[in-house]
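Letter by letter, the chains look like this.
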Amino acid sequence: MRGFPTLRSMTHQRSIEDLRAEVDQINRDLLTLLSKRGEVVAQIGHAKTQEGRPNHYDPAREDKQLKEIESLNPGPFTSAAVKAIFKEIFKASLDLEESNDKKQLLVSRKVKSEDTVLDIDGVRIGGDAPPIIVAGPCSIESEDQMEQTAAFLAAKGVKILRGGAYKPRTSPYGFQGMGVDGLILGSRVAKEHGMLFVTEVMDTRDVEIVAEHADILQVGARNMHNFALLREVGRSRRPVLLKRGLSATIEEWLYAAEYILSEGNSEVILCERGIRTYEKWTRNTLDLSAVAIAKQETHLPVIVDVTHAAGRRDLLIPLAKAALAVGADGIHVEVHPSPATALSDNEQQLDFAGYDKFSDSLSGLLRQPVGV
Ligand code: PEP
Ligand code: MN
């Protein structure tokens, strides 16, 4: 007869407390087994990394495990439920394998927790150093242009002069830069004004000559994926300013830096310069979250190129303020004595009066290290 259990039947039944205690113990046992599984999986991940197998996900292997689990399932859970639980375990294991891999990246804060601070002939970049300004024309065009710009910027306290001698132009018929003559001119003028000289290198064959004249080698956005070039600048003993690619994810950008560090050159400055989006009112979209993430995930200095991000002069001040507010270690801005007649990027370079206004607006933010 059904109904309330009698005192007699209850004596056969285990109490809820008792059952819960057993469940708690099973949880502990499951956890012990899961941890043991995690440790074995981590060893597999390590072995794969050592064998140079970048793909940790192995769908055929996963499928085989699920089929076996299904065939051995004694119930009471359905096969679908058991498979869903194991899929979660597989996913957590894969994350573990991959995160262990990332932990070993040389750019990662997990490998080196303190900020990398570059000291290039007394100019400090990153960490507790006040934010730096990298400024100068888009292209090196003439002695007069470089002389005027360097004299003006040096008087304003700018320590790093930029100027392209090899220009990555969209059209092969556009001004391609002065080449070696530009390198010689840029480095001489910078030296005369007590500044460092940074210029872009686009070709592995030019790394040696550019490194001979420049204090910092720039890898431009279009070459961020040029792995041969990254390795070559990694082998040079010059610091590298690495722009983020036009459509590169943050991860791809950091892996590009890893190429340079893996060749033994740890002096890398990351430079966010805007990414391509559907937006047309700016030349690129400045990704400030990438700056904050790069600062969090890596120990490298991160600067922001407001000129190429915005592609328009009227946004340079607010974007630079925003960049410093999220923790950028410096700002990169193009300055030309006569932007209207510049041979490249004449929409966005600042003239001297424009630069004065720009630096006045940022002066409060440039004196102190920003930190995050
Ligand atoms: C530059 O800085 O001269 C340049 C071409 O920038 P980017 O590579 O970011 O387009
Ligand atoms: Mn430019």
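The rules behind the values
- Residues numbered from 1 in each chain as written.
- Chains lettered and ligands numbered in written order.
- Predicted model: local features only at pLDDT ≥ 70, side-chain atom pairs only at ≥ 80, totals over all residues.
- Heavy atoms only, no water.
- Helix = DSSP H or I, 4+ residues; strand = E, 2+ residues; numbered from the N terminus.
- Rg over C-alpha atoms; globule rule 2.2 N^0.38 Å.
- Buried < 20%, exposed > 50% of the residue type's maximum accessible area, 1.4 Å probe, protein only.
- Contact = heavy atoms within 4.5 Å.
- Areas by Shrake-Rupley, 256 points an atom, 1.4 Å probe, with all protein chains shown as cover.
- Lys, Arg positive; Asp, Glu negative; His and termini not counted.
- Charge placed at Lys NZ, Arg CZ, Asp CG, Glu CD.
- Donors = N, O, S within 2.8 Å, 3.2 Å for Na, K, Ca; no water.
- Salt bridge = Lys/Arg side-chain N within 4 Å of Asp/Glu carboxyl O.
- Phe/Tyr/Trp six-rings, centres within 6.5 Å; stacked < 30°, edge-to-face > 60°.
- Polar contact = N/O pair within 3.5 Å; in protein donor to acceptor, adjacent residues only side chain to side chain.
- Core = buried A, V, L, I, M, F, W, Y, C linked by side-chain atoms within 4.5 Å.
- Near = heavy atom within 4 Å.
- Nonpolar A, V, L, I, M, F, W, Y, C, P; charged D, E, K, R; others polar.
- Axes fitted to C-alpha atoms, helices over the stretch in contact; angles between N-to-C directions.
- Parallel < 35°, antiparallel > 145°, perpendicular 65-115°, else oblique.
- Left-handed = near helix turned anticlockwise from the far one by under 90°.

As annotated in an unreviewed UniProt entry, the protein chain is Bifunctional 3-deoxy-7-phosphoheptulonate synthase/chorismate mutase from Deinococcus sedimenti.

### Quick look at the overall build of the protein chain
Within the protein chain one finds 13 helices and ten strands. For the protein chain, whose C-alpha radius of gyration is 29 Å, the value lies well above the compact-globule estimate of 21 Å for 372 residues. Among the 372 residues that make up the protein chain, the fraction classed as buried is 44%. Long-range contacts, defined as pairs at least 24 residues apart, comprise 69% of the intrachain contacts of the protein chain with a sequence gap of at least 6. Accessible surface computed for the protein chain: about 19,800 Å², of which carbon and sulfur atoms make up 55%. Measuring between centres, the 46 positive side-chain charges of the protein chain sit 5 Å from its 53 negative side-chain charges.

### Quick look at the coordination of the manganese ion (ligand 2)
Taken together, Cys-138 (SG), His-308 (NE2), Glu-334 (OE), Glu-334 (OE) and Asp-345 (OD) make up the protein donors of the manganese ion (ligand 2), found 2.0 to 2.8 Å from the metal. Motif for the manganese ion (ligand 2), donor spacing along one chain: C-x169-H-x25-E-x10-D. Residue His-308 is found in helix 11 (residues 306–310), and its partner Glu-334 is found in strand 10 (residues 330–334); the two are separated by 26 residues along the sequence. What makes His-308 buried here is its relative accessible area of 8%.

### A word on the pattern of salt bridges
Taken as a whole and assessed by the stated rule, the structure comprises 23 salt bridges. For Glu-232, the salt bridge is made with Arg-235, and the minimal N-O distance between the two is 3.2 Å. Of this pair, Glu-232 and Arg-235 both sit in helix 8 (residues 227–235), separated by three residues, roughly a single helical turn. Taken together, the salt bridges that share partners define one network made up of Arg-231, Glu-232, Arg-235 and Glu-263.

### Notes on the packing of aromatic side chains
Taken as a whole and judged by the stated rule, the model has five aromatic pairs. Ring geometry for Phe-227 against Tyr-259: centres 4.7 Å apart, planes inclined by 25 degrees, an arrangement best described as stacked. Of the two residues, Phe-227 is situated in helix 8 and Tyr-259 in helix 9 (residues 250–262); the sequence distance between them amounts to 32 residues. A relative accessible area of 38% places Phe-227 in the partly exposed class. Among the residues examined, Tyr-259 registers a relative accessible area of 25% and is labelled partly exposed.

### With respect to the environment of His-308
The sequence separation of His-308 and Val-333 amounts to 25 residues, and the corresponding C-alpha distance is 8.3 Å. Excluding anything up to four places from it in sequence, His-308 contacts Arg-162, Lys-243, Arg-273, Arg-283, Asn-284, His-332, Glu-334, Asp-345 and Gln-348. A distance of 3.1 Å separates a polar atom in the side chain of His-308 from a polar atom in the side chain of Glu-334.

### Quick notes on the nonpolar core
Ranked by size, the top nonpolar core spans 67 residues in total, and within it Leu-242, Trp-253, Leu-270, Val-333, Tyr-355 and Phe-358 carry the most contacts. The leading source of residues in this core is helix 9, at seven residues. In this structure Trp-253 touches Met-224, Leu-242, Lys-243, Arg-244, Leu-270, Cys-271, Glu-272, Ala-290, Ala-294 and Val-302, once residues within four positions along its chain are discounted. Ranked by size, the runner-up nonpolar core spans 14 residues in total, among them Ile-120, Ile-160, Val-198 and Ile-303.

### As for the site of ligand 1
Taken together, Arg-162, Lys-167, Pro-168, Glu-200, Gln-218, Gly-220, Ala-221, Arg-222, Lys-243, Arg-273 and His-308 are the residues near ligand 1. Contacts to ligand 1 include Arg-162, whose side-chain N or O atom sits 2.7 Å from an oxygen atom. In the environment of ligand 1, an oxygen atom lies 2.8 Å from a nitrogen or oxygen atom belonging to the side chain of Lys-243. Its residues assigned to classes, the shell around ligand 1 comprises two nonpolar, three polar and six charged.

### Describing the packing of helix 9 against helix 10 (residues 288–297)
Two elements in contact, helix 9 and helix 10, have axes whose closest approach is 11 Å; the angle formed by their N-to-C orientations is 45 degrees. When the interaxial angle is binned, helix 9 and helix 10 end up oblique. Here the hand of the crossing between helix 9 and helix 10 comes out right-handed. Note on element contacts: helix 10 touches helix 9 through Ala-290, Ile-293, Ala-294 and Glu-297, opposite Ile-250, Trp-253 and Leu-254. For the contact of helix 9 with helix 10, a count of residues per class yields six nonpolar, no polar and one charged.

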